[in-house]
Amino acid sequence: MLCDNCKNEKASFHSAKSINGIMKERNLCASCQAKVFPFGTQMGSFYDIFADFTNFSSPLEPAIRKEIKKCSNCTRTILEVEKSGTLGCPNCYEAFSENLMPMILRVQNSTIHRGKSPNGQQINSAANLEISRLKKELIKAVDDENFDEASIIKSKIVELERGLKTE
Amino acid sequence: MTVNRDIVVSSRVRLARNIKNLPFGMKFNKLHSDNIALDVYRNIGGERTGFGLYKPSSPESLDGTVLKEKRLISEDLLSKAPLASVILNESETVSIMIGEEDHIRIQSIEPGFNLNKSFIATDKIDNIIAKNIPLSFSEKLGYLTACPTNLGTGLRVSAMMFLPGLSIYNSLEECVQAMSRLNMAIRGVYGEGSDSSGYLYQLSNQRTLGLSEEAILEAVISSVLKIVEAEKQAREVLLNEGGATLKDKIRRALGTLLYAHKIESAEFNTTMALVKLGAYYGFFDILDSNKFEKLFIEAQPASLQSICKKKLSQQDRDIFRAKYVSDVLNSIIQINGV
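### Some remarks on the nonpolar core
Residue and element names in this part refer to chain B.
Right, so step 1: By size, the foremost hydrophobic cluster in this structure holds 54 residues, and its most contacted members are Ile96, Ile104 and Met161.
Right, so step 2: Broken down by element, this core gets its largest block of residues, eight residues, from helix α7 (residues 213–259).
Right, so step 3: Apart from residues lying up to four places away in sequence, isoleucine 104 is in contact with Leu15, Ala16, Arg17, Ile19, Ile36, Val40, Ile96, Met97, Ile98, Ile129 and Leu135.
Right, so step 4: Of all hydrophobic cores here, the second largest spans 28 residues; its members include Met272, Val275, Leu295 and Val328.

Laid out in C-alpha cells, this is it:
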C-alpha cells in the first residue's frame, strides 16, 4: 500500500480512528509520518479531545438536532464550544456540564480539584515546597556528617515555618 | 543528579488564571484587556518592583516577534496585538501575559534545569494577584480556564530539552509512549520532525486537575530525569558507533558556522545543534556557555534585526547571521585536538 501523503513510498504506519462515528484510516510512510505526526497521533489535539465530546452525530448536521444547548451567560452554543475547543465563560462549565464532565474525566483522569485556591488554602505551596526541598538537603547533610551545613539548613527551615504560621 | 544545560536547556512554569464573572478570551475586548493589565501591573508593584508593561503594536511588529522568539510571549498572544499586553521583569525571567486564551498567564523561565525556582516565582505572583483581584474559581473544578485541558491548577510545568541522541536513534517515539503513560507530553519545539528542529523538545504535564501543584511539579521533574538518563545513554552509543564519521560531521558543522558567508535559519539550527553535541563530547570547549545558549535566540530572524537595529531582507539577514554567529563563536570556542 502506498503512502496517503506522498503517494510514492510504501506506507508503514497505519491507523484507524472513529471520529463522531465515522472511521478514518491513515496510511503513511516513515518519512511522512515523521513530518505530519512527529510523535505519533496519541497526543491528540483539542479537536481530538472534543471529538466524542457530544452525543451529536456530526457538527455539520445541526439541523437534525432537536435543541442546541446554549450558555445563558455568554450565549455560546455547544456547537461553538465543540468547534473551537474552548468555552465562552466560567458559566459554560455548568451549562454544558453533562457534556463536559465525561470528557474532563477522560483527559484529566479526575473531576476534583486538589490544588491551591485563591482564598488562602494551600496558598503557601511555594514555601511548603521549599521546606520539603530543604528537609531532603538536611537529611543528606546529616548523612554526609556535614553538620555546619545542616545547621544552616535547619535554621532556614525554622524561618520558613515561622513565616507560614504568622501568615 | 547534576543536569547541565547541554540536555535541559530551560525550565518553564505557567499558571492560567481568569477574572471572575468575565467571559474568556474569545469574547475579550480592549477595555477588559487594558483594565486587567493595569490592575495586575499595579498589584504586583509596577515599576517599583522592576516590572514593565508592554503592548506589541501589531502581530508583525519587530519588538513583539523578538519577545516571541525569546518565548516570553506566545504566538497566540502576539496574534492578538494590539489588544494583548505583557508584563515583564528586568531579567526577563518572568512574563505575565494578559489577553491570551486565558485572561492572565503567569510564566517563569529559568535557564537549565530549575523547575522549582520557576514554580516558586509564578506561585508568588499568583498569590499577590489573588489577594486583590477576584479570580474565576470553583471549589470542585479549581481555577476555571478557557480550555478544559488547563482546568484545576492551571499549571503547566515544562522543560525544554536538547535530545540529539534519542532523536538520531529514533528512540523518541518510545520515550513519548512511556511518558504518555505517566501523563506527560513530549513535543518538538519548532520545525517538528525535521533536521531543522535542532533536536529541541518540550516535556510537560498533561494533567492539570486532580493533583496538587507540588505533585505535578515532582512528576515532571522525575520524568525529566528519566529522559536525561536515556539521552545520556543514547549519546554514549552514538559516540561509540559514530566514531570518525560523527566527529567529521560535527567539525564540518562548526566549519560552516565559522566560515560561511550566509546561513539560513534552518541550517543554523541544525549546525548549532551539532556543535552543541560536539562540545558535550569534548571535541571543543565553550568558554562562555551563557553566550553560547543566548546565540540560539539571537540568531532568530527578529532578534537578529533587533541587534542590527534595522529591517533586513532575507538575504541580508542570512549574511548578517553568518557574520554575527562567526564572531560570537570565534570568541567563545576553543577547538581541542585534530
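### Structural notes on the confidence of the model for chain B
Right, so step 1: For chain B, mean pLDDT is 91; residues scoring 70 or higher make up 96% of the total.
Right, so step 2: Contacts from residues 191–195 of chain B, a stretch scored under 50 in pLDDT, to residues over four places away or in other chains number seven contacts.

### Brief notes about the pairing of strand β3 (residues 85–89) of chain B
Consecutive side chains along a regular strand alternate between the two faces of the sheet.
Residue and element names in this part refer to chain B.
Right, so step 1: For β3, the buried fraction is high: five of the five residues fall into the buried class.
Right, so step 2: Side chains of β3 alternate between two faces, with Ser85, Ile87 and Asn89 and Val86 and Leu88 buried alike.
Right, so step 3: Bridge count for strand β2 (residues 51–54) against β3 is four bridges, and the pairing is antiparallel. Opposite glycine 52, over in β3, you have leucine 88 as the bridge partner.
Right, so step 4: Here β3 pairs with strand β4 (residues 94–98) via four bridges, running antiparallel. Counted as the bridge partner of isoleucine 87 is isoleucine 96 from β4.
Right, so step 5: What sits between the antiparallel neighbours β3 and β4 is a turn of four residues, in which glutamate 92 has the positive phi angle 55 degrees.

### Things to note about helix α8 (residues 265–281) of chain B
All names here are of chain B.
Right, so step 1: Over its 17 residues, α8 runs 25 Å from end to end, which matches the ideal 24 Å to within 8%, given 1.5 Å per residue.
Right, so step 2: For α8, every residue scored as buried is listed here: Phe268, Asn269, Thr271, Met272, Ala273, Leu274, Val275, Lys276, Leu277, Gly278 and Tyr281.
Right, so step 3: Phi turns positive one or two residues past the end of α8, at glycine 282, with a value near 85 degrees.

### Topic: the sheet that holds strand β8 (residues 155–162) of chain B
Residues and elements named next belong to chain B.
Right, so step 1: Across the sheet, which stays open at both edges, the eight strands sit in the order β2-β3-β4-β5-β1-β8-β10-β9 with antiparallel pairing between neighbours. Bordering the open sheet on either side are β2 and β9 (184–188), each of which pairs with just one other strand. Going across the sheet, the axis of each strand differs from the next one's by a mean of 20 degrees, ignoring polarity.
Right, so step 2: By the bridge criterion, five bridges tie β9 to strand β10 (residues 200–205) in an arrangement that is antiparallel.

### A closer look at the pairing of strand β1 (residues 8–17) of chain B
Residues and elements named next belong to chain B.
Right, so step 1: Taking burial as the measure, the 10 residues of β1 include nine buried ones, the bulk of the element.
Right, so step 2: Pairing between β1 and β8: seven bridges, direction antiparallel. Counted as the bridge partner of valine 13 is valine 157 from β8.
Right, so step 3: Pairing analysis gives eight bridges linking β1 to strand β5 (residues 104–111), with the strands arranged antiparallel. Paired with valine 13 across the strands is serine 108, a residue of β5.

Thresholds applied
- Residues numbered from 1 in each chain as written.
- Chains lettered and ligands numbered in written order.
- Predicted model: local features only at pLDDT ≥ 70, side-chain atom pairs only at ≥ 80, totals over all residues.
- Heavy atoms only, no water.
- Core = buried A, V, L, I, M, F, W, Y, C linked by side-chain atoms within 4.5 Å.
- Buried < 20%, exposed > 50% of the residue type's maximum accessible area, 1.4 Å probe, protein only.
- Helix = DSSP H or I, 4+ residues; strand = E, 2+ residues; numbered from the N terminus.
- Contact = heavy atoms within 4.5 Å.
- pLDDT = per-residue confidence, 0-100.
- Pairing = 2+ DSSP bridges.
- Expected span 1.5 Å × (residues − 1).
- Axes fitted to C-alpha atoms, helices over the stretch in contact; angles between N-to-C directions.

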